[in-house]
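So the chains spell out like this:
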Amino acid sequence: MQSAVRSLVVLGTGGTIAGSATSADDNVSYRSAMLPVAALIATLEVPAGLRVESEQVSQIDSKDMDFATWRCLAVRVAGHLARPEVAAVIVTHGTDTLEETAYFLQRVLAPAKPVVLTAAMRPATSRLADGPRNLADAAVVAATPGARGVVGVVAGKVHSALDVRKVHPYRLDAFGSGDAGPLALVQEGQLRQLRPWPDSPAAALDVNRLPSEASMWPPVGIASSGAGADARTVRALVDAGCAGIVVAATGNGSVHCALEAPLREAMARGCLVLRSTRCLDGAVIDASASTDDIPSAGALTPQQARVELIVRLLERVGEQPA
C-alpha cells in the first residue's frame, strides 16, 4: 500500500529573498518583498514523498518586522503544524531580523516538527541570486527524519534558533551561531549533521491569545554600555514605560559604573533587566563582579535577550484576549 503524501508548507513574509531590482547586476539598490511566495516556490524541487503548499503571511522588509506579523506568523505556523499531514513548515524571511523571529517562534512554539526559516542576501532578480539555493536547502532540512525545532538555513548552514545571529551585512554567508557552531551543513542536497537537534522546553504561550494590538505587547529596550555611558539612557527607557531592559554590556557582561545604579533602580521598580554582551561570540559567565545581581542573559545576543524578556513579560501578565 502506497504511503500518503505529506505536505511541506511554505509561508512567505517578504524580505530580500522576494526582492526585485531594475538590473540583474544590482545586489544593493533593490526593493525587498516584491515577489509573492508562490513565485519563489515555482521551481522548487520538493523531496520525494512531499507536496508543497504556500501561503503569503505578510510582504514586508524584515527591518520593519512588527508584533502583528509575529502574531500572525506564530498562529499560522502553529495551525499548519497541528495538521497531521504537514511534515514541516518553511518561512521565507528577510535577513535583518531573522534571528529575532527565529528565537521568538522557538520560545512560543517549541515545535516538535521542523520550522525552517530561510532568506537571501541578494534579490530574486540578481544574476547570482542565492534565494533559490537557500530555499532548496531549507526543503532538505524540512524533509530530514528526526529534525525538530526552529532553525535558520542560509548559505548551506543550519543554525539553531537558540544561537543564530547575523554577522555580516553583505556577504552570502552572513549568519553564524557563535561558539555553538551550526547544527548541520547541507551539501549537494544531503544533510551532514554536526551536533544533535537541541531539546526544547514546553511552549511558552498559547499563540492564539497573543496580544492582537501592538500597544498590548510589553515594551523592552536595549541600552548599550561603553565609553562615556550615561545614566540618562537607562532612566529614559524606564520613564518611557519600558517593562524590560537589556544592557548590551562590554566583555564578560561588565557594565559601566554610570549605568549600575539606574539599572538597579529600574529593577526595584519592577522592570526586568538582563545583561548580555556586545561580543559576537561567547556567553556571560557570572563571577563575583559588582554587577552579578543584575541577571545574565547567558549566551543570548542583545537582540535575542530582548525577545526573551518580551516572552517572559507576556507570561507574567497572562494571556491577553485576541
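Let me begin by describing the structure that accompanies this report. Source: prediction; values computed, not measured.

The subject of this paragraph is the overall build of the protein chain. A count of helices and strands for the protein chain gives seven helices and 13 strands. Here the protein chain has a C-alpha radius of gyration of 20 Å; the compact-globule value for 322 residues is 20 Å, and the two agree. When its C-alpha atoms are laid out on the principal axes, the protein chain stretches across 65 × 45 × 35 Å. Across the 322 residues of the protein chain, 51% fall into the buried class. For the protein chain, the proportion of contacts with a sequence separation of at least 24, taken over those separated by at least 6, is 72%. Total accessible area on the protein chain stands at roughly 14000 Å², and carbon and sulfur atoms take up 53% of it. Taking the average location of the 29 positive side-chain charges in the protein chain and that of its 32 negative ones, the two points are 1 Å from each other.

Pairing between the strands of a sheet is mediated by backbone hydrogen bonds and can be parallel or antiparallel. Sheet architecture is open: eight strands sit in the order 2-1-3-4-5-6-9-10, paired in mixed fashion. The two strands at the open ends of the sheet, each matched to only one other strand, are strand 2 (50-60) and strand 10 (190-193). On average, adjacent strands in this sheet sit at an angle of 25° to one another, irrespective of strand direction. As defined by bridge partners, strand 1 (residues 6-14) adjoins strand 2 across eight bridges and the pair is classed as parallel.

One pass over the structure, following the stated rule, counts 20 salt bridges. Residue Glu 55 pairs with Arg 76 through a salt bridge whose shortest N-O separation is 2.8 Å. One end of the pair, Glu 55, is in strand 2; the other, Arg 76, is in helix 2 (residues 67-81), with 21 residues separating them in the sequence. A single salt-bridge network, built from bridges that share partners, covers Arg 107, Glu 308, Arg 312 and Glu 315.

Each aromatic ring pair is summarised here by two numbers: the centre-to-centre distance and the angle between the ring planes. Applying the stated criterion across every chain yields a total of four aromatic pairs. Arranged with centres 5.9 Å apart and planes meeting at 45°, the rings of Phe 67 and Trp 70 form a pair that is tilted. Placement of the pair is Phe 67 and Trp 70 together in helix 2, with a separation of three residues, close to one helical turn. With relative accessibility at 19%, the residue Phe 67 sits in the buried group. Aromatic side chains Trp 70 and Phe 104 sit 4.5 Å apart centroid to centroid with 10° between the ring planes, which places their arrangement in the stacked category. Of this pair, Trp 70 sits in helix 2 while Phe 104 is found in helix 3 (residues 98-109), placing the two residues 34 residues apart along the sequence. Taken together through their ring pairs, the aromatic side chains of Phe 67, Trp 70, Phe 104 and Trp 217 make up a single cluster.

Another aspect to go through is the nonpolar core. Counting 49 residues, the largest nonpolar core has Val 77 and Phe 104 as its most contacted members. Broken down by secondary-structure element, the contributors of at least two residues to this core are strand 1, helix 2, strand 3 (86-92), helix 3, strand 4 (114-118), strand 5 (149-154), strand 13 (272-277) and helix 7 (302-317). In this structure Phe 104 touches Trp 70, Ala 74, Leu 210, Trp 217, Val 307 and Val 311, once residues within four positions along its chain are discounted.

In this model helix 3 runs 16 Å from its N-terminal to its C-terminal C-alpha over twelve residues, within 8% of the 16 Å that 1.5 Å per residue would give. Burial analysis of helix 3 places twelve of its twelve residues in the buried class, the great majority of the element. Among the residues of helix 3, Leu 98, Glu 99, Glu 100, Thr 101, Ala 102, Tyr 103, Phe 104, Leu 105, Gln 106, Arg 107, Val 108 and Leu 109 are the ones counted as buried. Note on helix 3: the residue one or two positions beyond its end, Ala 110, has a positive phi of about 40°.

Moving on, we come to the packing of helix 2 against helix 3. Where helix 2 contacts helix 3, the axes come no closer than 11 Å and their chain directions differ by 50°. The pairing of helix 2 with helix 3 is recorded here as oblique in orientation. In this structure, helix 2 meets helix 3 at a crossing whose hand is right-handed. Contacts between helix 2 and helix 3 involve Trp 70, Leu 73, Ala 74, Val 77 and Ala 78 from the first element and Glu 100, Thr 101, Phe 104, Leu 105, Val 108 and Leu 109 from the second. Among the residues forming the contact of helix 2 with helix 3, the class breakdown is nine nonpolar, one polar and one charged.

Further remarks concern the sheet that holds strand 12 (residues 244-249). Here we have three strands laid out as an open sheet, ordered 11-12-13, and parallel in their pairing. Pairing within the sheet leaves two strands with one partner each, and these edge strands are strand 11 (220-224) and strand 13. Each adjacent strand pair in this sheet contributes to an overall mean axis angle of 20°, direction not counted. Looking at chain direction, strand 11 and strand 12 are connected through five bridges and run parallel. Pairing of Ile 222 across the sheet is with Val 246, part of strand 12. Packing against the sheet, helix 5 (residues 231-239) makes contact with strand 11 and strand 12, and its axis sits at approximately 175° to strand 11. In this fold helix 6 (residues 257-268) packs onto strand 11, strand 12 and strand 13, with an angle of close to 155° to the strand it touches most, strand 12.

What counts as what
Residues numbered from 1 in each chain as written. Predicted model: local features only at pLDDT ≥ 70, side-chain atom pairs only at ≥ 80, totals over all residues. Heavy atoms only, no water. Helix = DSSP H or I, 4+ residues; strand = E, 2+ residues; numbered from the N terminus. Rg over C-alpha atoms; globule rule 2.2 N^0.38 Å. Buried < 20%, exposed > 50% of the residue type's maximum accessible area, 1.4 Å probe, protein only. Contact = heavy atoms within 4.5 Å. Areas by Shrake-Rupley, 256 points an atom, 1.4 Å probe, with all protein chains shown as cover. Lys, Arg positive; Asp, Glu negative; His and termini not counted. Charge placed at Lys NZ, Arg CZ, Asp CG, Glu CD. Pairing = 2+ DSSP bridges. Axes fitted to C-alpha atoms, helices over the stretch in contact; angles between N-to-C directions. Salt bridge = Lys/Arg side-chain N within 4 Å of Asp/Glu carboxyl O. Phe/Tyr/Trp six-rings, centres within 6.5 Å; stacked < 30°, edge-to-face > 60°. Core = buried A, V, L, I, M, F, W, Y, C linked by side-chain atoms within 4.5 Å. Expected span 1.5 Å × (residues − 1). Parallel < 35°, antiparallel > 145°, perpendicular 65-115°, else oblique. Left-handed = near helix turned anticlockwise from the far one by under 90°. Nonpolar A, V, L, I, M, F, W, Y, C, P; charged D, E, K, R; others polar.

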